[in-house]
Amino acid sequence: MAKSNMNQDILKVLLSEEQLHQRIQEMGDELFEKFRDKDPMFVGVLNGCFVFMADLVRAAQLKSEVEFISVSSYKNATKSSGVVEITRDLQRDITGRDIIVVEDILDSGNTLYFLRNYLLAKGARSITVVTLLDKPSRREKPIVADLSGFEVPDEFVVGFGLDYCQQYRNMPYIGVLKPEVYSK
Ligand code: 5GP
Ligand code: MG
Ligand code: MG
């Protein structure tokens, strides 16, 4: 593991830099084949997408646009409320566009279920959902990723864009935090 005062908070590494790099290149190749004759727009879901998005768009090497949207979902202590709100909207018209939505993790599915309908209502021609991680065991909404990097167990993961209390997003790998970090 490289130098970092974040590493001491990590219980175990789930996905190494090498595993992430290799899989994202495969995902980019797949998107290139699917969209090489189209003019897609990548729409990243902030903030979690930013590391994955940067690698994915460079791996795909498609003539394309890059856009972002921010959403927040309200959750009570026990379960996701399913209420999703847009906190920063798209800055460009998506009417008739082929949209590639880029998410860090698909968990309950509430965020992507909402976004899919939102983007279609805004006139998108097609929606392709791409997620780096998928926790299918936790799904509450009927949504399936068109392209998913890795299936992960029902554990809270951080790194590579994913945060705990807004930290750990800049860890270059994905890991599980030590229990004492939560109780601090
Ligand atoms: P969903 O709406 O599918 O339940 O979850 C969407 C968001 O919840 C993700 O984009 C992510 O921000 C957050 N989330 C879900 N599971 C995890 C996790 O294991 N770790 C982190 N850091 N965030 C998660
Ligand atoms: Mg996210
Ligand atoms: Mg978060």
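Here, every reference points to the structure presented above.
Just so it is clear, the model here is predicted, and its values are computed rather than measured. (Residues numbered from 1 in each chain as written. Chains lettered and ligands numbered in written order. Predicted model: local features only at pLDDT ≥ 70, side-chain atom pairs only at ≥ 80, totals over all residues. Heavy atoms only, no water.)

Some details on the site of ligand 1
Now for step 1: Near ligand 1 there are 16 residues, and of these Ser108, Thr111, Lys135, Val157 and Asp163 occur at the shortest range.
Now for step 2: Glu103 has a polar side-chain atom sitting 3.2 Å from an oxygen atom of ligand 1.
Now for step 3: Residue Gly109 places a main-chain N or O atom 2.8 Å away from an oxygen atom belonging to ligand 1.
Now for step 4: Protein contact buries 87% of the 510 Å² of open area that ligand 1 shows by itself. (Near = heavy atom within 4 Å. Polar contact = N/O pair within 3.5 Å; in protein donor to acceptor, adjacent residues only side chain to side chain. Areas by Shrake-Rupley, 256 points an atom, 1.4 Å probe, with all protein chains shown as cover.)

A short note on unusual backbone geometry
Now for step 1: Residue Asn47 follows Leu46 across a cis peptide bond; omega there is 0°.
Now for step 2: Within the fold, Asn47 resides in the loop between strand 2 (41-46) and helix 2 (50-60).
Now for step 3: A positive phi is found at Phe160, a non-glycine position, where the angle reads about 55°. (Helix = DSSP H or I, 4+ residues; strand = E, 2+ residues; numbered from the N terminus.)

Side note on the environment of Val130
Now for step 1: Mapped onto the elements, Val130 comes out in strand 6 (residues 126-134).
Now for step 2: For the pair Val130 and Met41, spaced 89 residues apart in sequence, the C-alpha to C-alpha distance is 13 Å.

What to know about the sheet that holds strand 1 (residues 10-15)
Now for step 1: In spatial order, the strands read 1-9-8; together these 3 strands make up an open sheet with antiparallel pairing. Single-partner strands in this sheet number two, and they are strand 1 and strand 8 (157-158).
Now for step 2: Inspection of the sheet shows strand 1 paired to strand 9 (residues 174-177) by 4 bridges, in the antiparallel sense. Residue pairing in the sheet places Leu15 in a bridge with Ile174 of strand 9. (Pairing = 2+ DSSP bridges.)

Things to note about the packing of aromatic side chains
Now for step 1: Applying the stated criterion across every chain yields a total of 4 aromatic pairs.
Now for step 2: Measuring from centroid to centroid gives 5.9 Å for Phe114 and Tyr118, while their planes differ by 15°, and the two rings are stacked. With Phe114 and Tyr118 both in helix 3 (residues 110-121) and 4 residues apart, the pair spans about one turn of that helix.
Now for step 3: Here Tyr164 and Tyr182 contribute two aromatic rings whose centre-to-centre distance is 4.9 Å and whose plane-to-plane angle is 75°, an arrangement assigned as edge-to-face. (Phe/Tyr/Trp six-rings, centres within 6.5 Å; stacked < 30°, edge-to-face > 60°.)

Some words on the pairing of strand 2
In regular strands, side chains alternate between the two faces of the sheet.
Now for step 1: Burial of strand 2 is extensive: 5 of the 6 residues sit out of reach of the surface.
Now for step 2: Here strand 2 pairs with strand 5 (residues 98-106) via 4 bridges, running parallel. What sits directly across from Val43, in strand 5, is Val101. (Buried < 20%, exposed > 50% of the residue type's maximum accessible area, 1.4 Å probe, protein only.)

Quick look at the side chain of Asn7
Now for step 1: Of note, Asn7 is situated in the segment before strand 1.
Now for step 2: Under the relative-accessibility criterion, Asn7 is labelled buried at 15%.
Now for step 3: A polar side-chain atom of Asn7 sits 2.6 Å from a polar atom in the side chain of Tyr173.

Section: the nonpolar core
Now for step 1: Counting 30 residues, the largest nonpolar core has Leu31, Phe42, Phe52, Leu56, Leu132, Leu133 and Ile174 as the members making the most contacts within it.
Now for step 2: Residue assignment for this core shows that the elements contributing at least two residues are helix 1 (17-35), helix 2, strand 5, strand 6, strand 7 (147-151) and strand 9.
Now for step 3: Ranked by residue count, the leading element in this core is helix 2, at 7 residues.
Now for step 4: Not counting chain neighbours up to four residues away, the residues in contact with Leu56 comprise Ile24, Met27, Gly28, Leu31, Phe42, Val102 and Val130. (Core = buried A, V, L, I, M, F, W, Y, C linked by side-chain atoms within 4.5 Å. Contact = heavy atoms within 4.5 Å.)

Regarding the pattern of salt bridges
Proximity of charged atoms lets side chains of opposite charge pair with each other.
Now for step 1: Going through the model one piece at a time under the given rule, you end up with 14 salt bridges.
Now for step 2: Here Arg92 ties to Glu65 by a salt bridge, and the two come within 2.5 Å at their closest N and O atoms. Pair noted here: Arg92 is in the loop between strand 4 (80-88) and strand 5 and Glu65 is in strand 3 (residues 65-75), with a separation of 27 residues, a long-range link. (Salt bridge = Lys/Arg side-chain N within 4 Å of Asp/Glu carboxyl O.)

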